[in-house]
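What the coordinates show
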Amino acid sequence: MSDRLAVLPQYLLPKQALTALAGRIAGAEAGALTTRLIRWFVGRYGVNMAEAAEPDIAQYPSFNAFFTRALKPGARPLADAPWVCPVDGAISQIGPLDGERLVQAKGHHYTATALVGGDAALAREFNGGHFATLYLSPRDYHRIHMPADGRLRRMIHVPGELFSVNPTTARGVPGLFARNERVVCVFDGDTAPFVMVLVGATIVGSMATTWHGVVNPPRSGLLREWNYASGDVSLVRGQEMGRFLLGSTVVMLFPPGPLSFNPNWAPGGAIRMGEAMAS
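Computed from a predicted model, the values in this text were never measured in an experiment.

The final tally for this structure, using the stated rule, is 14 aromatic pairs. For the pair W40 and F41, a centre-to-centre distance of 6.5 Å together with 65 degrees between the ring planes defines the contact as edge-to-face. A centroid spacing of 5.2 Å and a plane angle of 90 degrees characterise the contact between W83 and F194, whose relative ring orientation is edge-to-face. Note that W83 is positioned in strand β1 (residues 83–84) and F194 in strand β9 (residues 193–199), a separation of 111 residues in sequence. F194 matches W83 in its accessibility class, with the two residues each being buried. Counting every residue linked through ring pairs, the aromatic cluster contains W40, F41, Y45, Y60, F63, F66 and F67. Cation over ring: R44 sits above Y45, and NZ or CZ is 4.9 Å from the ring centre.

Moving on to the sheet that holds strand β11 (residues 213–216). Sheet architecture is open: four strands sit in the order β6-β14-β10-β11, paired in antiparallel fashion. On the outer flanks of this sheet lie β6 (143–145) and β11, each paired with one strand and no other. Taken over all neighbouring pairs, the strand axes of this sheet differ in orientation by 25 degrees on average, direction set aside.

Bringing the nonpolar core into the picture now. Judged by nonpolar contacts, the single largest core of 36 residues is most densely connected at F187, W211, M241 and F254. Taken together, the elements giving at least two residues each to this core come down to β2 (89–96), β5 (130–135), β7 (150–158), β8 (182–188), β9, β14 (240–245), β15 (249–254) and β17 (276–278). M241 has contacts with I144, H145, M146, C185, F187, M196, L198, A208, T209, T210, W211 and L235, leaving out every residue within four places of it along the chain. In this structure, A112, V158, V184 and V195 belong to the second largest nonpolar core, which totals 22 residues.

Of all eight residues making up β2, six are buried, and the element is well covered by its neighbours. Pairing analysis gives two bridges linking β2 to strand β16 (residues 270–271), with the strands arranged antiparallel. In the strand pairing of β16, A90 is matched with A270. Across six bridges, the pairing between β2 and β5 is antiparallel. Within β5, the residue paired with G95 across the bridge is F131.

As enumerated under the stated definition, the model contains 10 salt bridges in all. D98 serves as the salt-bridge partner of R101, at 3.6 Å between the closest nitrogen and oxygen. Put simply, E240 and R143 hold a salt bridge, and the shortest N to O gap is 3.3 Å. With a gap of 97 residues between them, E240 in strand β14 and R143 in strand β6 connect regions that are remote in the sequence. You can call E240 buried: its relative accessible area is 16%. The class of R143 is buried, set by a relative accessible area of 16%.

The next thing to look at is the side chain of E240. A distance of 2.7 Å separates a polar atom in the side chain of E240 from a polar atom in the side chain of R243. The residues touching E240, leaving out its near neighbours within four places in the chain, are R143, I144, H145, T210 and L235.

Let's shift gears to the environment of S220. Positionally, S220 belongs in the loop between β11 and β12 (224–227). S220 gets classed as partly exposed once you look at its relative accessible area, which sits at 47%. Along the sequence, S220 and P159 sit 61 residues apart, while their C-alpha atoms lie 7.9 Å from each other.

Here helix α4 (residues 32–45) contains 14 residues, and its C-alpha end-to-end distance of 20 Å stays within 8% of the 20 Å for a straight helix at 1.5 Å per residue. Contacts from the buried residues of α4 go to α5 (63–67). Count one or two residues on from α4 and you reach G46, which has phi positive near 65 degrees.

Thresholds applied
- Residues numbered from 1 in each chain as written.
- Predicted model: local features only at pLDDT ≥ 70, side-chain atom pairs only at ≥ 80, totals over all residues.
- Heavy atoms only, no water.
- Phe/Tyr/Trp six-rings, centres within 6.5 Å; stacked < 30°, edge-to-face > 60°.
- Helix = DSSP H or I, 4+ residues; strand = E, 2+ residues; numbered from the N terminus.
- Buried < 20%, exposed > 50% of the residue type's maximum accessible area, 1.4 Å probe, protein only.
- Lys NZ or Arg CZ within 6 Å of the ring centre and 35° of its normal.
- Pairing = 2+ DSSP bridges.
- Axes fitted to C-alpha atoms, helices over the stretch in contact; angles between N-to-C directions.
- Core = buried A, V, L, I, M, F, W, Y, C linked by side-chain atoms within 4.5 Å.
- Contact = heavy atoms within 4.5 Å.
- Salt bridge = Lys/Arg side-chain N within 4 Å of Asp/Glu carboxyl O.
- Polar contact = N/O pair within 3.5 Å; in protein donor to acceptor, adjacent residues only side chain to side chain.
- Expected span 1.5 Å × (residues − 1).

What follows is the structure, given as structure tokens:
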């Protein structure tokens, strides 16, 4: 079956309604029912609870509390590298931008302008730069950390679709990451700016940042933007910056200049938060 045929049902599904329902279920504190749901999920996806700060699933009051669980201290040591991986997951795509075009999958491209919500001036800062698209599967740790020190400049909530972001959908839905709902976080680093885009997906109940809290809902259908004075929000390499309430994807943009990704990184490869990403 072709990828485009495989994703056809997603065009027909009531994705917004399913996502709202999933969000309500994930946030419910239903005692034994919640524990049974978590136990099923751990078995279905092979979640490693041994590395969780709280390994007893009965101690989680809601599915969201389990899904955004903290890890034991020292579970993700930071590599001695200028840029460290911000998440656990897998590499979807990495490489240079062709002008402002990013590779989504073989035969599929989209633009940085579309990704950041139509702000061409912001996108131009990254023309000819580099990008990394990192996919978080259901079994992964779902907190997102800083790849380097950064001072928050802007945050933009871009409304959009809620397609799945798994590899099959990335190959079958044109412009996927610039079509789905997303939260664009623009940082000024010590030497250059960088962008972290948190991409929503089907049944991703919400996305949250450490400085704002839950960004969505609400889902008004309108682009929303917050601007921050220099120094209002400063985060250090490895510090938590956000989380997904159910899994999704992070797309990172880096400006033009010398940047070399970890030579062991390649599309499809597994990654862990804190490992060396680039120098």
